[in-house]
Amino acid sequence: MDKQKVPNILVVGDLMIDHYLWGKCDRISPEAPVQVVDVQKEDNLMGGAGNVINNLLSLGAHVGVCSVIGDDEGGEFIGQRLGQKGVRKEGLVIQEDRKTTKKSRIIALHQQIVRVDKENKEDISQESQETILMRIKIILDFYDAILLSDYAKGVLTPWLTQEIITFAKSKEKPILVDPKGSDYSKYRGATLITPNKKEAALATNIEISNDTKLVEAGTKLKESLDLAYALITLSEDGMAIFDDQMTKIPTVAREVYDVTGAGDTVLASLGYALSLGKDIFEAAHFANSAAAVAVSKVGSATVTHVEIAAYEHSLHKQSSHSKIKSVLEVKSYLESSSKSVVFTNGCFDILHAGHVKYLEEAKSYGDILVLGLNSDDSVQRLKGESRPINSAQDRAIVLAALESVDFVIEFTEDTPYELIKVIEPDILVKGGDYEGKEVVGSDIAKETRLVEFVDGKSTTKIIEKAQLT
């Protein structure tokens, strides 16, 4: 996997306008027993599939869109906003007889008072469906994944949805779905779907009242729809992934203000992580944290790497997976932080007391310790064909469990020079055996420090001792 890759993701679904009227409320109308809201601010934002796009952009992805808009003021707004955000619009179709959906929300004191919808729920025309499919077939090679954002407003018809899934599978592209309605048959063959518990209960006709029923519902979705995975979001209880068995991932939301758009955040963050080569469980952990950040905001919220990292750091029992990042994820976090950065690197094949002491001292030199970890191929080139003893994935998890380590980034080169160029650390740390030698990256870091190793502690000696016994 290219650790510095920026994913290209195609979003297909219902675009709409989220219209917000923000105000204050301190009296009741004399005309009727209703609140009077004094509007202070008004916002028009892209909603529906547009909120998925917004979340992908805030995570740093390159995004394209396929959808249908009306030949009206709302459609013109969406087209202009997509262009301003740098979204590829080759798949955007204008249907003259169609009304662009607009949802107006009146909010006072962080509470939504009422919502007014102007929309068209009818299926888009057959001509529009065929145009979208044709354009997807032309552009799909450019993208790493497809996200289907279904708001039941007529874009993702059964015919078009199945045609997209069939073509995506022929190109071996992952296709993720945020579903709607009670009949999920049109999503058959997708990589995964992401209903919430209420939606999953409706689609499976299973009342999800306990874990036994949850397993039953998730298994039914996965098997009946021929999915690679099913994923059911559980609100404040996190999410459940269904592979060969159920895996629950708990979450801790700091404070829930508004769940509007949380499903969009989950879909976007899952697609982003999977496009970077993360496995389903790493992607789900990432999406879980992103959703926890999103629901702590009012309105259809987007999240950033900085916010996700801050959230994960705020949880005292931070998981190992949450510290294992791509270089771009770490770079994004560091760019918005004023904290001092320490960098070190190594193979760390068999973690021992010497490593722990070394990393603790390295961390003491600054606020954030970023550890560059040699890939398996890199270790083999440096140490010989019998190494490493432990895989890069296993080594990363063990290192990330250490309190002294803030981020672990795997690199494939023989030296971490390219990685150091991106991270631009304040302090570069290496072992005392580099005394009098040139330290790779010392021309980039503001300062280089050497740390003495603990006598008698090394991976080589541990291996030799194990072979003797």
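As a reminder, the structure under discussion sits directly above these lines.
Residues numbered from 1 in each chain as written. Predicted model: local features only at pLDDT ≥ 70, side-chain atom pairs only at ≥ 80, totals over all residues. Heavy atoms only, no water.

A.B. asks: With reference to specific residues and values, describe the nonpolar core.
C.D. replies: In terms of nonpolar packing, the biggest core is built from 47 residues, with Val11, Leu15, Ile53, Leu56, Leu82, Leu147 and Leu270 touching the most fellow members. For Leu15, the contacting residues outside a window of four places in its chain are Gly47, Ala49, Gly50, Ile53, Val65, Ser67, Ile69, Ile78, Leu82 and Leu92. Counting 41 residues, the second largest nonpolar core, distinct from the first, contains Ala168, Ala190, Ala217 and Ile232. (Core = buried A, V, L, I, M, F, W, Y, C linked by side-chain atoms within 4.5 Å. Buried < 20%, exposed > 50% of the residue type's maximum accessible area, 1.4 Å probe, protein only. Contact = heavy atoms within 4.5 Å.)

A.B. asks: I'd love a proper account of a nonpolar patch on the surface, names of residues and values included.
C.D. replies: Judged by side-chain polarity, Ile113, Val114 and Val116 come together as a nonpolar surface patch covering roughly 210 Å² of accessible area. By the element assignment, Val114 lies in strand β7 (residues 111–118). Taking the relative accessible area as the measure of exposure, Val114 reaches 38% and is therefore partly exposed. (Patch = residues over 30% accessible without salt bridge, like charges linked within 9 Å, V, L, I, M, F, W, Y side chains within 5 Å. Areas by Shrake-Rupley, 256 points an atom, 1.4 Å probe, with all protein chains shown as cover. Salt bridge = Lys/Arg side-chain N within 4 Å of Asp/Glu carboxyl O. Helix = DSSP H or I, 4+ residues; strand = E, 2+ residues; numbered from the N terminus.)

A.B. asks: Report on the pairing of strand β3 (residues 35–48), specifying residues and quantitative values.
C.D. replies: Bridge count between strand β2 (residues 15–28) and β3: 13 bridges; the pairing is antiparallel. Within the sheet, the bridge partner assigned to Cys25 lies in β3 and is Val37. Hairpin connection from β2 to β3: 6 residues lie between these consecutive antiparallel strands. (Pairing = 2+ DSSP bridges.)

A.B. asks: Describe the sheet that holds strand β13 (residues 246–249), naming the residues involved and giving the relevant values.
C.D. replies: What the 9 strands build is an open sheet, ordered β5-β4-β1-β8-β9-β10-β11-β12-β13; its pairing is mixed. In this open sheet, the two strands that pair with only one neighbour each are β5 (88–95) and β13. With 4 bridges joining them, strand β12 (residues 239–242) and β13 adopt antiparallel strand pairing. Its bridge partner being in β13, Met239 is matched across the sheet by Ile249. Sitting on the sheet, helix α2 (residues 73–84) is in contact with β4 (62–70) and β5, with an inclination near 175° to β5. Strands in contact with helix α8 (residues 280–294) are β10 (192–193), β11 (229–233), β12 and β13; relative to β12, the strand with the most contacts, it is inclined by about 165°. (Axes fitted to C-alpha atoms, helices over the stretch in contact; angles between N-to-C directions.)

A.B. asks: Before we move on, can you summarise empty space enclosed by the protein with the specific residues and values?
C.D. replies: In total, this model carries 3 cavities of 30 Å³ or more according to the counting rule given. Forming the walls of the largest cavity are Ala273, Lys278, Glu282, His285, Phe286, Glu312, His321, Ser322, Ile324, Lys325 and Glu329. When its residues are assigned to classes, the lining of the largest cavity shows 3 nonpolar, 3 polar and 5 charged. In this model, the second largest cavity occupies a volume close to 80 Å³. Lining the second largest cavity, in full, are Asp14, Leu15, Val68, Ile69, Gly70, Arg98, Lys99, Thr100, Thr101, Asn120, Lys153 and Val155. Per element, the largest residue contribution to the lining of the second largest cavity is 3 residues, and it comes from β4. Across the lining of the second largest cavity, the residue classes break down as 4 nonpolar, 4 polar and 4 charged. (1 Å grid on protein atoms, 1.4 Å probe; cavity = no way out; pocket = protein on both sides within 12 Å on 5 of 7 lines; lining within 4 Å. Points joined across faces, edges and corners; volume = space filled by probe spheres on them. Nonpolar A, V, L, I, M, F, W, Y, C, P; charged D, E, K, R; others polar.)

A.B. asks: Would you mind going over unusual backbone geometry in detail, with residue names and values included?
C.D. replies: Note that the residue after Arg387, namely Pro388, is joined by a cis bond; omega there is 5°. Inspection of the secondary structure puts Pro388 in the loop between α12 (376–383) and α13 (392–400). With a phi angle near 55°, Ala152 is a residue other than glycine that sits in the positive phi range. With respect to the secondary-structure elements, Ala152 resides in the loop between β8 (145–149) and α4 (158–170). Of note in the backbone geometry, Asn205 takes a positive phi value of approximately 60° without being a glycine. Its location among the elements puts Asn205 in the loop between α5 (197–204) and α6 (211–224).

A.B. asks: Account for the environment of Glu335, naming residues and giving values.
C.D. replies: Topologically, Glu335 is positioned in helix α10 (residues 327–335). Among the residues examined, Glu335 registers a relative accessible area of 60% and is labelled exposed. Along the sequence, Glu335 and Ile423 sit 88 residues apart, while their C-alpha atoms lie 9.3 Å from each other.

A.B. asks: Residues and numbers for the packing of α5 against α6, please.
C.D. replies: Packing of α5 against α6 brings their axes to within 10 Å, and their N-to-C directions diverge by 65°. As judged from the angle between their axes, α5 and α6 are roughly perpendicular. Classified by chirality, the crossing of α6 by α5 is left-handed. Of α6, the residues touching α5 (which contributes Ala200, Ala203 and Thr204) are Ala217, Lys220 and Leu221. Taken together, the residues that form the contact of α5 with α6 break down as 4 nonpolar, 1 polar and 1 charged. (Parallel < 35°, antiparallel > 145°, perpendicular 65-115°, else oblique. Left-handed = near helix turned anticlockwise from the far one by under 90°.)

A.B. asks: Please provide a residue-by-residue account of the environment of Lys102, values included.
C.D. replies: As for its position among the elements, Lys102 is in strand β6 (residues 101–108). On the accessibility criterion, Lys102 (28% relative accessible area) is partly exposed. Spatially, the C-alpha atom of Lys102 lies 49 Å from that of Gly366, the residues being 264 residues apart in sequence. For Lys102, the contacting residues outside a window of four places in its chain are Ile17, His19, Asn44, Val116, Asp117 and Lys118.

A.B. asks: So what's going on with the pairing of β8? Which residues, and what values?
C.D. replies: Every regular strand shows the same layout, with side chains that alternate between the two sheet faces. Of all 5 residues making up β8, 5 are buried, and the element is well covered by its neighbours. By the alternation rule, side chains of β8 split into Ala145, Leu147 and Ser149 and Ile146 and Leu148, which are all buried. Pairing geometry for strand β1 (residues 8–13) and β8, over 5 bridges, is parallel. The residue bridging Ile9 from the neighbouring strand is Ala145, located in β8. Bridge count between β8 and strand β9 (residues 175–178): 4 bridges; the pairing is parallel. Residue pairing in the sheet places Leu148 in a bridge with Val177 of β9. One crossover worth recording links β8 to the parallel β9 by way of α4, and it is right-handed. (Right-handed = clockwise from strand over helix to strand, strands pointing away.)

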